[in-house]
Amino acid sequence: MKATAKAHTNIALIKYWGKREEKIILPTNNSLSLTLDGFYTTTTVDFQEELSADIFTLNDQSISGVQYDQVTKFLDLIRKSAGKDNLFAHVKSINEVPTAAGFASSASGFAALAAAGSKAIGLGLSDQELSRLTRQGSGSACRSVYGGFAEWEMGKKADGSDSYAVPIAPADHWDVRVAAVVLTAKMKKVSSREGMKRTVDTSAFYSGWLDGIPQDLKQLKEGIKHRDFEKVGQTAEANCLKMHATTLGANPPFTYWLDTTMAVMQTVQAMRANGILAYFTIDAGPNVKVLYLPENEKSVEKTLRDIPGVTDVRLSKPGQGITYL
Ligand code: 2P0
């Protein structure tokens, strides 16, 4: 009753920003992401009759507290589905998602845990069932079941049975690159969970955010299909700016941006003015991700590294979905 799975993180081009149901994680809008090969988690789940509680190690360190509780709570879902409530596991995760790179490790982490855990206990899930399960650990993780471009369909049902990700185009459809621009690390004051909740509950701009989603999704999908980089980049950048605008309309208002975040955004726009196609997107934190095409890799990387306040630039290609090792 042992399995090992590898999952990559993903970057949303149309953002997930708000829940309509918090316990089983149901979103207020569809989102669409690109899975990245550079950042991943490998997890082994080993269910053993003789254990009386779960054991969790992350990068060979024994974990307790909130992170441990999240893992056992998620394993409870798997145990319940398998009808094996009293079977505990040794969970061993290796994270290749440096926190300094500004990616949440929760996407690759929950996708790898869901895949390894469900396989180890013998659930035999389809990709769709696996995505639905993964969603309940962390919303964005349900998209990491697939490689390349994936869309999380929000669904309509109260039980979440129609809320899961679907593949839009595989990793080899189009070699779009992403540079993760790392800024001076500071702990964020508002977690993504808290930020999206405050925004849904109080932001004056929240309905405007939701109104724009169908058009953004349509444009992004057309752009991906026809490998139209300008269309994809413009749509992703505008969608990111609308998401961040909702935080300024919240009560109390907040922003994830630092002065250096703005500096990177302005540099990307200046690159475009100089004929190098590049676009930015930003998640619930200060770091910026820059989309570009392979032929511009050298100039994009150099330009980003030269910005004062940038401490590192990590490059990534489209990545694969879940694999079992
Ligand atoms: C996303 N983010 O689509 C968006 C864009 C942040 C900004 O998904 O509460 O860690 O675990 O479902 O997935 C970050 O939130 O939130 C996120 P939970 P999650 O990638």
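Bear in mind that the values here come from a model prediction, so they are computed numbers and not experimental data.

1. Overview of the pairing of strand S10 (residues 177-183)
So, point 1. Taking burial as the measure, the 7 residues of S10 include 7 buried ones, the bulk of the element.
So, point 2. Taken together, the 5 bridges between S10 and strand S12 (residues 288-292) define a ladder with antiparallel strand orientation. From the neighbouring strand, Ala 179 faces S12, where its bridge partner is Val 290.

2. So, helix H1 (residues 66-82)
So, point 1. Taking 1.5 Å of rise per residue, 17 residues should cover 24 Å, and H1 covers 25 Å from first to last C-alpha, within 8% of that figure.
So, point 2. All of the buried residues along H1 are Tyr 68, Val 71, Thr 72, Phe 74, Leu 75, Ile 78 and Arg 79. What you see down the axis of H1 is that its buried residues fit within an arc of 165°, all on one side. Exposed residues lying more than 90 degrees from the buried face of H1 are Val 66, Lys 73, Lys 80 and Ser 81.
So, point 3. Positive phi appears at Gly 83, one or two residues downstream of H1, with a value of about 70°.

3. Observations regarding the environment of Gln 219
So, point 1. Tracing the chain through its elements places Gln 219 in helix H5 (residues 206-225).
So, point 2. What makes Gln 219 partly exposed here is its relative accessible area of 26%.
So, point 3. Counting along the chain gives 218 residues from Gln 219 to Met 1, while the straight-line C-alpha distance between them is 45 Å.

Parameters and conventions
Residues numbered from 1 in each chain as written. Predicted model: local features only at pLDDT ≥ 70, side-chain atom pairs only at ≥ 80, totals over all residues. Heavy atoms only, no water. Buried < 20%, exposed > 50% of the residue type's maximum accessible area, 1.4 Å probe, protein only. Helix = DSSP H or I, 4+ residues; strand = E, 2+ residues; numbered from the N terminus. Pairing = 2+ DSSP bridges. Expected span 1.5 Å × (residues − 1). Arc of directions from axis to C-beta.

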